[in-house]
Amino acid sequence: MKRFTLISVPYLWLIVLFLVPFLIVLKVSLSDAALAIPPYSPTLDLSQGWAGILVWLDGLDMENYWFLADDNLYWKAYLSSLKIAAISTFLTFLVAYPFAYGMARAADEWQPTLLMLVILPFWTSFLIRVYAWKAILSVEGFLNQFLLWTGAIHDPLIILNTNVAVYIGIVYTYLPFMILPIYAALEKMDASLLEAAEDLGCSRFSAFWLITFPLSRQGIIAGSFLVFIPAMGEFVIPALLGGSRTLMIGKVLWEEFFSNRDWPVASAVAVILLLILIIPIILFQRNEQKNREAQG
Amino acid sequence: MTESASTGTDFEPWNDPKAVPLIQFKNVTKRFGDFTAIDNLTLDIYAREFYALLGPSGCGKTTIMRMLAGFETATEGTISLSGQDMAPVPPNKRAINMMFQSYALFPHLNVWDNIAFGLKRSSMAKDQIAARVEEMLRLTQLEKFARRKPHQISGGQRQRVALARSLAKAPKLLLLDEPLGALDKKLRQETQFELVDIQEKTGTTFVIVTHDQEEAMTVASRVAVMDHGKVVQVDTPANIYEAPNSVYVADFIGDINIIEGYATPISDTMVSVDFAEGQPKIHTSCPTGLTAPQRISFAIRPEKLLISTEKPTESANILSGKVVDIAYLGNISTYHVKLASGQMIKAQSANTRRIRRRAITWEDDVWISFTDTAGMVLTT
Ligand SMILES: Nc1ncnc2c1ncn2[C@@H]1O[C@H](COP(=O)(O)OP(=O)(O)OP(=O)(O)O)[C@@H](O)[C@H]1O
Ligand SMILES: [Mg+2]
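Cut-offs used in this document
- Residues numbered from 1 in each chain as written.
- Chains lettered and ligands numbered in written order.
- Predicted model: local features only at pLDDT ≥ 70, side-chain atom pairs only at ≥ 80, totals over all residues.
- Heavy atoms only, no water.
- Contact = heavy atoms within 4.5 Å.
- Buried area = accessible area lost by both parts, 1.4 Å probe.
- Salt bridge = Lys/Arg side-chain N within 4 Å of Asp/Glu carboxyl O.
- Polar contact = N/O pair within 3.5 Å; in protein donor to acceptor, adjacent residues only side chain to side chain.
- Helix = DSSP H or I, 4+ residues; strand = E, 2+ residues; numbered from the N terminus.
- Nonpolar A, V, L, I, M, F, W, Y, C, P; charged D, E, K, R; others polar.
- Phe/Tyr/Trp six-rings, centres within 6.5 Å; stacked < 30°, edge-to-face > 60°.
- Buried < 20%, exposed > 50% of the residue type's maximum accessible area, 1.4 Å probe, protein only.
- Lys NZ or Arg CZ within 6 Å of the ring centre and 35° of its normal.
- Domains from an automatic or database assignment.

A. Fine view of the interface of chain B and chain A. With 21 residues of chain B in contact, the opposing surface of chain A contributes 18 residues. For the pair chain B and chain A, the summed buried area comes to about 1700 Å², and 62% of that belongs to carbon and sulfur atoms. Seen at the junction of chain B and chain A, the total is one salt bridge. Here Arg-66 of chain B ties to Glu-195 of chain A by a salt bridge, and the two come within 2.7 Å at their closest N and O atoms. Inspection of the region where chain B meets chain A yields six residue pairs in polar contact (both at pLDDT 80 or more). Looking at the side of chain B that touches chain A, the elements that each hand over two or more residues are α2 (61–69), β6 (96–99) and α3 (111–120) of chain B. The element contributing the most residues to the side of chain B that touches chain A is β6 of chain B, with three residues. Here the residues of the side of chain B that touches chain A sort into eleven nonpolar, six polar and four charged.

B. Representation of the packing of aromatic side chains. The final tally for this structure, using the stated rule, is 27 aromatic pairs over all chains. Geometrically, the ring pair formed by Phe-208 of chain A and Trp-209 of chain A is edge-to-face, given 5.4 Å between the ring centres and 80 degrees between the ring planes. Seen in terms of ring centroids, Phe-50 of chain B and Phe-206 of chain B are 4.7 Å apart; in terms of plane orientation they differ by 10 degrees. Their pairing is stacked. Taken together, the residues Phe-50 of chain B in strand β3 (residues 50–54) and Phe-206 of chain B in strand β8 (residues 205–210) connect sequence positions 156 residues apart. For the pair Phe-50 of chain B and Phe-206 of chain B, one class covers both residues: buried. Its end group placed over the ring of Phe-117 of chain B, Arg-121 of chain B keeps NZ or CZ at 4.7 Å from the ring centre.

C. Here's a closer look at the domain arrangement of chain B. Residues and elements named next belong to chain B. Looking at the assigned domains, one finds that chain B contains domain 1 (13–95 + 171–248) and domain 2 (255–378). Each of domain 1 and domain 2 has a C-alpha centre, and the two are 34 Å apart. Counting from both sides, the interface comprises eight residues of domain 1 and, opposite them, seven residues of domain 2. Taken together, the two surfaces of domain 1 and domain 2 that pack against each other cover about 580 Å², and 56% of this comes from carbon and sulfur. For domain 1, the biggest contributors to the area lost against domain 2 are Tyr-241, Pro-244 and Val-247; these three give 76% of the whole. Where domain 1 touches domain 2, the interface holds one salt bridge.

Encoded structure:
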């Protein structure tokens, strides 16, 4: 009995926080838009009993999905999101790896402090931090002022409201999610492995490629998923830093919900986004599983 | 005590003034912060030697190995290999391989790739590498596990992988840090023979750290006994056992009775030792001689003592006591005998009879006798 309770806790959690909201969204995506509160029909009227349920079921259809398939705006947005998420995941990796490596190699007494510094940005509002980037990247922003002052450039760079700003925003925001798993992998690596590699004829550099890098692979994979999955549906960053030409599905979703007030289409967009993300999520789970097994 | 193959055939370069050592430590000191791990060490290791480092935990054995492999630099002094100062040579450029005490197997590579790792870094051809790895797998009886990852094999198997990996490159000098500790006795003896065999075939010089003195005795050409970063004695296993230069060495190697006493010279090579009120003096040889009476330790191995229920008629030394304990070790038994003056003496005798018919048992009054050359007089 006790065991059953223990196991049921995470499942209950999953049902309440994921399955129920998902079913509601799924249901909305099968409805039609309407000028009402809530802005869709049909709504379930249980006072009519069984007949009410039948009427309700009758009103649900796949129309919104056909609409999404017809209008190429949507699949372009999905593709563009995939591309932006993939590129920014890779960029995040490039920035995070040396960072994590340096942390893992730092003296033991420094490591907690460095770890703290990585997590520190989470203590302030995410929105404020993204806004701060506007001030840095804009035409009259700090970055341009600084570069003009040093004489490195003569005309201000146009970064804000382009995809570059979106990449910068995503890399900045999700950096800790990449650093932490890579750091964890590097930190538990036994230093004598590198000595053994050197002893067997490796240079420092090849020892890194043959030993350190492969041993941090699990961390890289985990970090990549942790960045890629949320970046895919990211809305705030493209909305604040991206331009009118930045196409991301999160933005489309937001516009459908709040500008068009077309909840059913917005829900359909969300359901498909989830279906797309399920693949990397499953891969991520598999990777974690393998990781645990490898550690015995 | 089996005679090692290397010592069997007049292999004694350390007695040859013309021989040039392969490895030379000259006044080497190693400090970690203000802790001195190796203290002014000078030693020579000759090519084709099987050199064993023996000593209690923390005395600096691994540190010596790490300095040889190039992972630590000496704070003072020089280490040279074939006459060349090794200080500027990085670990990957030294013709030295080391088997790590912690094995340091690469967890992401299987057994086969672990063993092949060093070979792949050399210019060896692919099929030669494969042949060499197979040979190593056979040698260490790991053929069945070639495709397993290190975490999928047992501790002893891991140790064998580490051994195979360090042997694979057939280095000029092989450093083995407790190579056989996790193996069962039978496999350990087989591997010891293999090591000696490999050494004869390849001419590799071995430096081996071991906690198992029997192992040191079996395989080593010479043994260095260490204490707190210093080498106390370097000698052949037989000399270390039969002629230790100090109580420390005598006590560290094998079982021994140490009796403190006051020695008076009676001739150039004989002394008599007064060790307790009411006990006869011990007559013993002292090849180096004593110039004046002084306090000494008389040391004698348990197997050099004869134990009997009847008083022996003629023996240089005869003591009487009572058996307080018997440790049965299968082929031999150790009798703990308490003398009337309180000292405990351990005497060993072979079990030639079945245990039930043993002549001596608990609480028996017994006689202990030994010749005047059986023991040693140690002044330090
Ligand atoms: N990197 C280091 N920093 C500080 N002290 C060290 C370091 N490496 C070794 N020591 C110290 O030097 C001494 C000798 O260590 P070493 O590893 O050589 O011992 P050992 O003889 O191999 O012991 P064991 O038989 O337990 O393996 C120990 O007291 C150890 O604490
Ligand atoms: Mg050690």
